[in-house]
Number of protein chains: 2
Amino acid sequence: MRIIVDVLGGDNSPNAVILGAVNALEAADDFSIILSGDEWTIKEQLQVIGYVGDRITVLHAPEEISCNESPTVAIKRKKESSLVKALRAVADGEADAIVSAGSTGAVLAGATLIVKRIKGILRPGLAPILPSEKGPFMLIDCGANVDCKPEYLQQFAIMGSAYMSKVMGIENPRVGLINNGAESKKGNELTKATYSILEETPGINFVGNAEAREIMTGAFDVLVCDGFVGNVVLKYTEGLAMSLVNMLKVELMGDTRSKLGAAISKPAYRRFKKRMDYTEYGGAPLLGINGGIIKAHGSSDAKAIKMAILQAREYLVGNVTETISTYLADAAVSIDKDN
Amino acid sequence: MRIIVDVLGGDNSPNAVILGAVNALEAADDFSIILSGDEWTIKEQLQVIGYVGDRITVLHAPEEISCNESPTVAIKRKKESSLVKALRAVADGEADAIVSAGSTGAVLAGATLIVKRIKGILRPGLAPILPSEKGPFMLIDCGANVDCKPEYLQQFAIMGSAYMSKVMGIENPRVGLINNGAESKKGNELTKATYSILEETPGINFVGNAEAREIMTGAFDVLVCDGFVGNVVLKYTEGLAMSLVNMLKVELMGDTRSKLGAAISKPAYRRFKKRMDYTEYGGAPLLGINGGIIKAHGSSDAKAIKMAILQAREYLVGNVTETISTYLADAAVSIDKDN
């Protein structure tokens, strides 16, 4: 297995990305890494880290795509960029999966334009893994498609089920549809139409509508929604968690007694922080593409990159691309008209 | 000012509702209350509480509308219900505002069918007040309209601005549009179209797109979205806050040292809980109706009912209905075709 890593994307690139790659190698010995980026910088950094093995190779790609560029234009023009060259390597079969902490828009556009969709898939879905009270769950789609048709959501359910069973080892993952009420008749035009389609989709375990208050309870393994709603839920999770922690902090620092108690409770706060830490869960797979595509968080540190690389490895070990194809054929929902 | 209270709605009706009404009277002496519900039950409960004043009258309405009925059917058929009779009283000018903790769907349908929209308003918006890091903000719409047109969102912005300036005393309230990115070009079809309309709406202070991670930071006074997204945000706020608190609790109880610290920090936890307590902010006004409509939370206790009644009073003191009409005329966005 060969995983290619875009070292020029993200807030902490390239050094944290390179370090994360080196550290990932220690976790398993069945894969190699290609680092895509400026050759000289990468080699220098590998020397600084002291890496001397033969499991890392370098793909020279000096250009960088920033978050401020139009993704489609950048993908088409910047042929020497670390992202485009890495995606090209996956498309050409020189690598099996890619990890990038770069511009989400560019990763989405590039994966679709260069690596291409799995046959029958209408739209790929960006699908981060989030913590719940009982264990991780997948939220799909989180921004790849802001205007959706019911058939896209149906495929998100299929792809999410494939991933959660193959990579996370969840038997018969429970699929929920994010809706404005638990009753089957609730919803806007999109979710009402999606509900009836999901009910009749073979091979998935659709358990019904998910009210937003249940998102974090652990009652679902795959939560399906359009990319606009998913983006709101994803960013609100980060923002609300941070705001609540800030508000609690203000109160804990508000009187001497509480302050003392907070100092004593430090081990619990540390565990809580670890549990809420997105880096524990790696990045967000972009499902529906002919290869493993892991979008790491833009602010990823070395540890987050390491986890994202190991997630790419698990994607490959689990044969997720092939499983999605099989599930799609089984559900007989491959619709080619949009391809 | 006469505020009519539907005593048969909500999880804790009728006793908590009646007690809340009695307690509300102590906070100001410029309003009276009509209790809509079974006369005998109300009078008995008033006797239990020991209320002997003359500021409470009773409107006998023995029927109850439950959350399991079709709202529109229930409103049309149950003419003797506490909700329908209360709404009728507002429509007939016998009361100026209503507070109900009953079925949200029935309150929305009933207000629109019986009390009717303000002239020029296309759709009313359900608009709860939520806590942020810096102070309360309004989220509009939260479920009255799951499929929206840009013009509805424009009117939500106008109505929210009227309420926040008149009732909450915020000068020039900052209006944000919930979107999947801060940049002006971001969005789905609805939010892209809404953005350009909001930019050109006179009389409101539109400050741009609000990414979901900013919802709780206090950067906006009025957050505008369609009712589907608003419902997700509202319920996720409750659910995520509860899940995070549960997760933190598990960790705080996870070792003896942390447990001790938590006991010592109790004053801070108590303040935090109070700050997050939705009952502090009353209920959700339904804006755009010819009268004050306050939807109290279904699980309201006596204190939440009291706060909702005082909120109805503030709605009337602030002349919100009239202000909305004025703002609408000023913005010249009154569109009658849908009325």
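Scoring rules and cut-offs
- Residues numbered from 1 in each chain as written.
- Chains lettered and ligands numbered in written order.
- Predicted model: local features only at pLDDT ≥ 70, side-chain atom pairs only at ≥ 80, totals over all residues.
- Heavy atoms only, no water.
- Least-squares fit on C-alpha atoms with pLDDT ≥ 70 in both.
- Contact = heavy atoms within 4.5 Å.
- Helix = DSSP H or I, 4+ residues; strand = E, 2+ residues; numbered from the N terminus.
- Expected span 1.5 Å × (residues − 1).
- Bend = angle between axes of the 7 residues up to and from the residue.
- Buried < 20%, exposed > 50% of the residue type's maximum accessible area, 1.4 Å probe, protein only.
- Polar contact = N/O pair within 3.5 Å; in protein donor to acceptor, adjacent residues only side chain to side chain.
- Buried area = accessible area lost by both parts, 1.4 Å probe.
- Salt bridge = Lys/Arg side-chain N within 4 Å of Asp/Glu carboxyl O.
- Nonpolar A, V, L, I, M, F, W, Y, C, P; charged D, E, K, R; others polar.
- Pairing = 2+ DSSP bridges.
- Axes fitted to C-alpha atoms, helices over the stretch in contact; angles between N-to-C directions.
- Phe/Tyr/Trp six-rings, centres within 6.5 Å; stacked < 30°, edge-to-face > 60°.

Chemist: It is not clear to me how the relation of the copies chain A and chain B should be interpreted in this structure. Could you clarify?
Modeler: Superposition of the two copies of the chain requires a rotation about an axis together with a shift along that axis. Superposing chain A onto chain B takes a rotation of 180° plus a shift of 0.0 Å along the axis, which leaves an RMSD of 0.0 Å. Both copies are brought into coincidence by an operation consistent with a two-fold rotation axis. Taking the C-alpha atom as reference, chain A places G261 of chain A closest to the rotation axis, 1.9 Å from it. Both copies share a contact surface, since 100% of the interface residues of chain A are interface residues in chain B too.

Chemist: Would you mind showing me how to read helix α8 (residues 227-252) of chain B here?
Modeler: Spacing of three or four residues puts side chains on the same side of an α-helix, whose turn is 3.6 residues. Residues and elements named next belong to chain B. An ideal rise of 1.5 Å per residue puts 38 Å on 26 residues; α8 measures up with 37 Å between its terminal C-alpha atoms. Y236 marks the point of greatest bend in α8, at about 25°. In terms of burial, α8 is largely enclosed, as 20 of its 26 residues are buried. If you check the start of α8, you find a side-chain oxygen 2.8 Å away from the backbone N of F228, and it comes from D226.

Chemist: Could you clarify how one ought to interpret the interface of chain A and chain B in this entry?
Modeler: Reports of interface size often rely on the accessible area that becomes lost once the parts have come together. Each side of the interface is counted separately: chain A has 56 residues, and chain B has 56 residues. Carbon and sulfur atoms supply 64% of the area that chain A and chain B bury against each other, a total of about 5200 Å² over both sides. Run the count over chain A and chain B and you get eight salt bridges. Across the pair D255 of chain A and R271 of chain B runs a salt bridge, and its minimum N-O distance is 2.9 Å. At the boundary of chain A with chain B, the tally comes to 27 residue pairs in polar contact (both at pLDDT 80 or more). When contributions to the side of chain A that touches chain B are tallied by element, the ones reaching two or more residues are β8 (174-179), α7 (189-199), α8 (227-252), α9 (256-264) and α10 (266-276) of chain A. When residues of the side of chain A that touches chain B are assigned to their parent elements, the largest contribution, 20 residues, is made by α8 of chain A. For the side of chain A that touches chain B, a count of residues per class yields 26 nonpolar, 17 polar and 13 charged.

Chemist: Can you walk me through the sheet that holds strand β6 (residues 129-130) of chain B in this structure?
Modeler: By way of backbone hydrogen bonds, the strands of a sheet pair with one another, either parallel or antiparallel. Residue and element names in this part refer to chain B. As summarised here, the arrangement of the five strands in space is β6-β7-β10-β8-β9, forming an open sheet in which the pairing is mixed. The open sheet terminates on both sides in strands that have one partner only, identified here as β6 and β9 (205-211). Inspection of the sheet shows strand β7 (residues 137-140) paired to strand β10 (residues 222-224) by three bridges, in the parallel sense. Looking at the pairing, I140 lines up with V224 of β10. Set on the sheet, helix α7 (residues 189-199) makes contact with β8 (174-179) and β9; between it and β8 the angle comes to about 165°. Running at roughly 135° to β7, α8 makes contact with β6, β7 and β8 of the sheet.

Chemist: Would you mind showing me how to read the sheet that holds strand β2 (residues 32-37) of chain B here?
Modeler: Residues and elements named next belong to chain B. Read across the sheet, seven strands follow the order β3-β2-β1-β4-β12-β11-β5 without closing on themselves; strand pairing throughout is mixed. Each edge of the open sheet carries a strand with a single partner, namely β3 (56-60) and β5 (125-126). Here two bridges tie β5 to strand β11 (residues 284-287), and the two strands are oriented antiparallel to one another. Paired with L126 across the two strands is L286, which belongs to β11.

Chemist: In this structure, what is going on with the environment of G288 of chain B? I would like to understand it.
Modeler: Residues and elements named next belong to chain B. Residue position: G288 is located in the loop between β11 and β12 (292-295). The exposure class assigned to G288 is buried, which follows from its relative accessible area of 0%. As for G288 and A86, which are separated by 202 residues in sequence, their C-alpha atoms are 18 Å apart. Each residue touching G288, except ones within four places of it in the same chain, is listed here: R117, I118, I121, M159 and I324.

Chemist: I would appreciate a short explanation of unusual backbone geometry in the present structure.
Modeler: Apart from glycine, the bulk of residues carry a negative phi angle, and the bulk of peptide bonds sit in the trans form. Each neighbour pair has its own omega, and for S13 of chain B with P14 of chain B the value is -5°, a cis peptide bond. Across the junction of I140 of chain B and D141 of chain B, the peptide omega takes the value 15°, indicating a cis bond. Among the structural elements, D141 of chain B can be located in the loop between β7 and α6 (150-166). Its identity is not glycine, yet K116 of chain A carries a phi of approximately 75°, on the positive side. Along the polypeptide, K116 of chain A turns up in the loop between α5 (104-115) and β5 (125-126). Of the residues examined, K116 of chain A reaches a relative accessible area of 47% and is grouped as partly exposed.

Chemist: Sorry, what's going on with the packing of aromatic side chains here?
Modeler: Geometrically, a pair of aromatic rings is defined through the distance of the ring centres and the angle of the planes. All names here are of chain A. Taken as a whole and judged by the stated rule, the model has five aromatic pairs over all chains. Ring geometry for Y163 versus Y315: centroids 6.4 Å apart, planes at 45°, classification tilted. Remark: Y315 occurs in helix α11 (residues 302-317) and Y163 occurs in helix α6 (residues 150-166); sequence separation between them is 152 residues. A single burial state applies to Y163 and to Y315, both of which are buried.

Chemist: Whenever I open this one, the pattern of salt bridges confuses me. Can you help?
Modeler: Side-chain pairs of opposite charge can arise where the charged atoms are in close proximity. Considering all chains together, one arrives at 22 salt bridges over all chains under this definition. Between K235 of chain B and E211 of chain A there is a salt bridge, with the nearest N and O atoms lying 2.3 Å from each other. Highlighted residues: K235 of chain B in helix α8 and E211 of chain A in strand β9 (residues 205-211), drawn from two different chains.

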